[in-house]
Amino acid sequence: DVMRVAVARAGDLFNSLSPDLREDIEIVNAALSGTTAANVLRSLSMTWKAAHPDVCIRAIQVTHLLRETCNAIPARLWQNNRELQLAWIRRGCRVLGIFQNQIDAAMGLEIAEHAWRDFEQVPLRLRNDLEFMKQAITVNGRVIKFAVAPIKSDYDLSVRPIAR
């Protein structure tokens, strides 16, 4: 308990801890802050991060150093963890190529809401779907610029962003 409080107050202490304490999930979570999340993740093994993906998600949610935090998360975890991918998108970050092939309608709507500039990464089959595009434009009218030509010419769809 004492170490958890100490690390929460001064996250830089994390690297000074014994290996056993550095693998204690409560201490790891306490050490995560806007400035320390990337360093904390870098000091943890890939195996540990894979066993505790929620720690990586929390790190993304709190960090001020998104690129460094992203680089501290193993590619395998990015590929296999939808919640991690969504946490990244919800921070308004660019869609990573490593999970680009896993974008479905629900994730496409998250991209429309939080990272609309990357809406072109949403698969063409979805951007060709009138019903999906209606939902996406309702979430964020700016995504209409990424609609395919036949959808852009749909009158109801084209006035939807203006109506909002």
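What you see is a predicted model, and the numbers here were worked out from it, not measured in a lab.

Caption draft 1: Quick peek at the nonpolar core. In this structure, F14, W78, I111 and F119 are the most contacted members of the largest nonpolar core, which totals 51 residues. Counting only elements with at least two residues in this core, the list comes to α3 (25-31), α4 (37-43), α6 (53-62), α8 (75-80), α9 (82-90), α10 (105-114) and α12 (130-139). Residues in contact with W78, not counting those within four places in the same chain, are I60, C70, I73, L84, Q85, W88, L96, I98 and F99.

Caption draft 2: The arrangement of the packing of aromatic side chains in detail. One pass over the full model with this rule turns up 4 aromatic pairs. Plain terms: the ring middles of W78 and W88 are 5.4 Å apart, the flat faces sit at 75° to each other, and that makes the pair edge-to-face. With W78 in helix α8 and W88 in helix α9, this pair connects stretches of sequence that are 10 residues apart. In this structure W78 comes out as buried when scored by relative accessible area, which is 3%. Taking relative accessible area as the criterion, W88 reaches 5% and is therefore assigned buried. Centre to centre, the rings of F119 and F146 are 6.3 Å apart; their planes meet at 45°, and the pair counts as tilted. With F119 in the loop between α10 and α11 (124-127) and F146 in the loop between α12 and α13 (149-152), the pair connects residues that are 27 residues apart, well separated along the chain. Both residues of the pair, F119 and F146, belong to the buried class. An aromatic cluster is present here, built from W78, W88 and F99 joined pairwise through their rings.

Caption draft 3: Spotlight on the pattern of salt bridges. The full count for this structure, using the stated rule, is 5 salt bridges. Linking R4 and E26 is a salt bridge whose minimum nitrogen-to-oxygen distance equals 3.7 Å. In this pair, R4 is assigned in helix α1 (residues 2-9) and E26 in helix α3, connecting sequence segments 22 residues apart. A residue is classified by how much of its surface remains accessible, and R4, at 28% relative accessible area, is partly exposed. Residue D118 pairs with R94 through a salt bridge whose shortest N-O separation is 2.6 Å.

Caption draft 4: Local environment of the packing of α6 against α9. The contact between α6 and α9 brings their axes to 9 Å, and the two run at 0°. Considering their axes alone, α6 and α9 lie roughly parallel with respect to each other. Note on element contacts: α9 touches α6 through E83, L84, A87 and W88, opposite C56, I57 and I60. Classifying every residue of the contact of α6 with α9 by side-chain character gives 6 nonpolar, no polar and 1 charged.

Caption draft 5: Structural context of the side chain of D118. You can see D118 is positioned in the loop between α10 and α11. Engagement of the side chain of D118 in a polar contact is seen with the backbone nitrogen of V95, the distance being 2.4 Å. Among all residues touching D118, those that are not within four sequence positions of it are R94, V95 and I111.

Here is what the cut-offs are and how they apply
Each chain carries its own residue numbering, running from 1 in the written order of its sequence. The predicted origin of the model limits local features to residues at a pLDDT of at least 70 and limits the giving and counting of side-chain atom pairs to 80 or more, whereas totals for whole chains, interfaces and linings rest on all residues. With hydrogens and water excluded, all non-hydrogen atoms of the structure serve as input to the side-chain values. Working definition of a nonpolar core: buried Ala, Val, Leu, Ile, Met, Phe, Trp, Tyr and Cys residues. They are joined through side-chain atoms within 4.5 Å. A 1.4 Å probe rolled over the protein chains alone gives each residue an accessible area, and that area as a share of the maximum for its type sets the label: buried under 20%, exposed over 50%, partly exposed in between. We count a stretch as a helix when DSSP gives it H or I for four or more residues in a row; a strand needs E for two or more, and each element gets its number in order from the N terminus. Contact definition: two residues touch when any of their heavy atoms are within 4.5 Å. In summary, the pairing rule links any two rings of Phe, Tyr or Trp, Trp by its six-membered ring, whose centres are within 6.5 Å, and it sorts them by plane angle into stacked for under 30 degrees, edge-to-face for over 60 and tilted for everything else. A pair is scored as a salt bridge if a Lys or Arg side-chain nitrogen falls within 4 Å of a carboxyl oxygen belonging to Asp or Glu. To get an axis, fit a line to the C-alpha atoms, keeping to the stretch in contact for a helix; angles then go from 0 to 180 degrees between the N-to-C directions. Roughly parallel here means an angle under 35 degrees, roughly antiparallel means over 145, roughly perpendicular means 65 to 115, and every remaining angle is called oblique. When residues are sorted by character, Ala, Val, Leu, Ile, Met, Phe, Trp, Tyr, Cys and Pro go into the nonpolar class, Asp, Glu, Lys and Arg into the charged class, and all the rest, Gly among them, into the polar class. Within 3.5 Å is the distance limit for a polar contact, defined as a pair of N or O atoms, with the added protein rule that one can donate a hydrogen and the other accept it, and that residues adjacent in sequence qualify only through two side-chain atoms.

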